[in-house]
Number of protein chains: 2
Amino acid sequence: MRTTPAVRFVGGATGRWRVERSIAVRGSPLAPVACLAHVETEGSAALDGATWVLHGVRSNERYVTRDEKTRLLAPQQGLGRSQATSAALIPMSKTKAWWELSQDERRAIMEERSHHIGIGSRYLPAIARRLFHGRDLGAEFDFLTWFEFAPADTPRFDDLLGALRATEEWTYVEREVELRLTQR
Amino acid sequence: MRTTPAVRFVGGATGRWRVERSIAVRGSPLAPVACLAHVETEGSAALDGATWVLHGVRSNERYVTRDEKTRLLAPQQGLGRSQATSAALIPMSKTKAWWELSQDERRAIMEERSHHIGIGSRYLPAIARRLFHGRDLGAEFDFLTWFEFAPADTPRFDDLLGALRATEEWTYVEREVELRLTQR
């Protein structure tokens, strides 16, 4: 029995989301596609003739403390809000050096020095997000982060990305692609 | 490119390890088998006619601090020692309640209160161990732990298991099977 639900994001000619922009922020790009489908919410039709498929799994939290979890959950509104017709998918992998760090070292870089969780929480509830893990699956990217927001909150989302990319944690990013999406 | 190496342990009629004993410590047992093969070190022949196959992946560490890592690595001798002709495989899953805890709560139960890492380190270098993760793969067990030791160290291994099962952490175990093995 699978307890951590799997996801597939499919790039190709069909899907609920139109790809407005695809940027290789670091490392090699993904092949250009017109549309993105999320198989688990839209069905598997897009898998036929897909240009690429990205795999991930929604797993347990790896860094968040109970206090942070409580603070994050309070203002959260979840995915699928009707006004959230803009989205982004950020596939990302971290360096070997990151993965060889111990848990306390990764936590210290991520939160005590880079304030990753704190930064994300400042943009709640406007920017909803969900993290998927790919590394243990042997997937192309270590992480897939999915974001949803109202078009009017696009400048806030740009701010969020800028803040995260200015951190010490981000120096451990080996590859990052940014896909900006709007609902078709 | 897969960065976290996958493993498959195969129960059946062939393989390097003879199954001396298979006990369902908690939850349902595994079907009885005569032998166990570790595909990644022995080749895939045992997959034909396997009774069961257990999947896991060697991933990054989730709890160990830098200090603990240093202390664990110093006395470690690794797997495959010629005198280590006894082994054990412990497939195990934890409860939903465990996985819903935050990282700091799991760490507190595991080490500050249950001394899991400290207990394991007391048995080094005699008992070599390696942990594999199965949960995010959708595998049958959340964890597979592999142990190797000299036959003369069997009582010490029994001690180690007893100590781990007496902890608060172990109350979160939903299913555990213990396979005791000797090299054929």
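Residues numbered from 1 in each chain as written. Chains lettered and ligands numbered in written order. Predicted model: local features only at pLDDT ≥ 70, side-chain atom pairs only at ≥ 80, totals over all residues. Heavy atoms only, no water.

K.L.:
Honestly, the overall build of chain A in this entry has me stumped. Any pointers?
P.N.:
Within chain A one finds six helices and eight strands. Along chain A, helices and strands appear, N-terminal first, in the series β-β-β-α-β-α-β-α-α-α-β-β-α-β. Along the longest, intermediate and shortest principal axes, the C-alpha atoms of chain A span 45 × 35 × 35 Å. Across chain A, every contact between residues at least 6 apart in sequence was considered, and the portion connecting residues at least 24 apart equals 78%. When the accessible surface of chain A is summed, it comes to about 8,300 Å², and 53% of that surface belongs to carbon and sulfur atoms. (Helix = DSSP H or I, 4+ residues; strand = E, 2+ residues; numbered from the N terminus. Contact = heavy atoms within 4.5 Å. Areas by Shrake-Rupley, 256 points an atom, 1.4 Å probe, with all protein chains shown as cover.)

K.L.:
Honestly, the environment of A:Q83 in this entry has me stumped. Any pointers?
P.N.:
All names here are of chain A. By the secondary structure assignment, Q83 is in the loop between α2 (66-73) and β5 (86-94). Given a relative accessible area of 44%, Q83 falls into the partly exposed group. Distance from Q83 to A46, taken between C-alpha atoms, is 24 Å for residues 37 residues apart in sequence. Those residues within four positions of Q83 in sequence are excluded, and the remaining contacts are Q77, F149, A150 and P151. (Buried < 20%, exposed > 50% of the residue type's maximum accessible area, 1.4 Å probe, protein only.)

K.L.:
Before we go on, may I ask you to explain the interface of chain A and chain B in this structure?
P.N.:
Size of an interface: often given as the accessible area lost when the parts come together. The interface is formed by 27 residues belonging to chain A together with 27 residues belonging to chain B. Overall, the association of chain A and chain B removes approximately 2,300 Å² of surface from exposure, summing both partners, and the carbon and sulfur fraction of that is 36%. The interface formed by chain A and chain B contains four salt bridges. The salt bridge involving B:E105 is made with A:R66; its shortest N-O contact spans 2.8 Å. In this assembly, chain A and chain B are joined by 21 residue pairs in polar contact (both at pLDDT 80 or more). Of all the secondary-structure elements, those providing two or more residues to the side of chain A that touches chain B are α2, α3 (96-100) and α4 (103-113) of chain A. In terms of residue count, α4(A) provides more of the side of chain A that touches chain B than any other element does, four residues in total. (Buried area = accessible area lost by both parts, 1.4 Å probe. Salt bridge = Lys/Arg side-chain N within 4 Å of Asp/Glu carboxyl O. Polar contact = N/O pair within 3.5 Å; in protein donor to acceptor, adjacent residues only side chain to side chain.)

K.L.:
Can you walk me through the relation of the copies chain A and chain B in this structure?
P.N.:
Overlaying chain A with chain B gives an RMSD of 0.0 Å, the required rotation being 180° about an axis along which the chain moves by 0.0 Å. Taken together, the rotation and translation describe the operation of a two-fold axis. The C-alpha atom lying nearest the rotation axis in chain A is that of A:L137; the distance is 3.1 Å. A shared binding surface is used by both copies, with 100% of the interface residues of chain A retained as interface residues in chain B. (Least-squares fit on C-alpha atoms with pLDDT ≥ 70 in both.)

K.L.:
Would you mind going over the pattern of salt bridges with me for this structure?
P.N.:
Side chains that differ in sign of charge can pair as their charged atoms come close. All names here are of chain A. Inspection of every chain in the model, using the stated rule, returns 32 salt bridges over all chains. With a closest N to O distance of 3.2 Å, R18 and E20 form a salt bridge. A relative accessible area of 39% means that R18 is categorised as partly exposed. Residue E20 is classed as partly exposed on the basis of its relative accessible area, which comes to 44%. Each of R21, D158, R165, E176, E178 and R180 takes part in salt bridges that share partners, so that together they form one network.

K.L.:
Explain helix α4 (residues 103-113) of chain B here, please?
P.N.:
Owing to its 3.6 residues per turn, the α-helix brings residues three or four apart onto one side. Along α4(B), the residues that are buried comprise B:Q103, B:R106, B:R107, B:I109, B:M110 and B:E111. Seen from one end, α4(B) has its buried residues packed into an arc of 165°, which puts them on one side. Summarising the contacts, the buried residues of α4(B) are in contact with α4 of chain A together with α2 (66-73), α3 (96-100) and α5 (116-122) of chain B. Among the residues trailing α4(B), B:H115 stands out with phi positive, at a value near 55°. (Arc of directions from axis to C-beta.)

K.L.:
Whenever I open this one, unusual backbone geometry confuses me. Can you help?
P.N.:
Peptide bonds are, in most cases, trans, and in most cases residues other than glycine have a negative phi. Residues and elements named next belong to chain A. A cis amide bond, omega 0°, links L124 with the succeeding residue P125. Checked against the element boundaries, P125 lands in the loop between α5 (116-122) and β6 (128-133). With phi around 55°, H115 is a residue other than glycine that occupies positive phi space. Accessibility expressed as a relative area gives 42% for H115, which makes it partly exposed.

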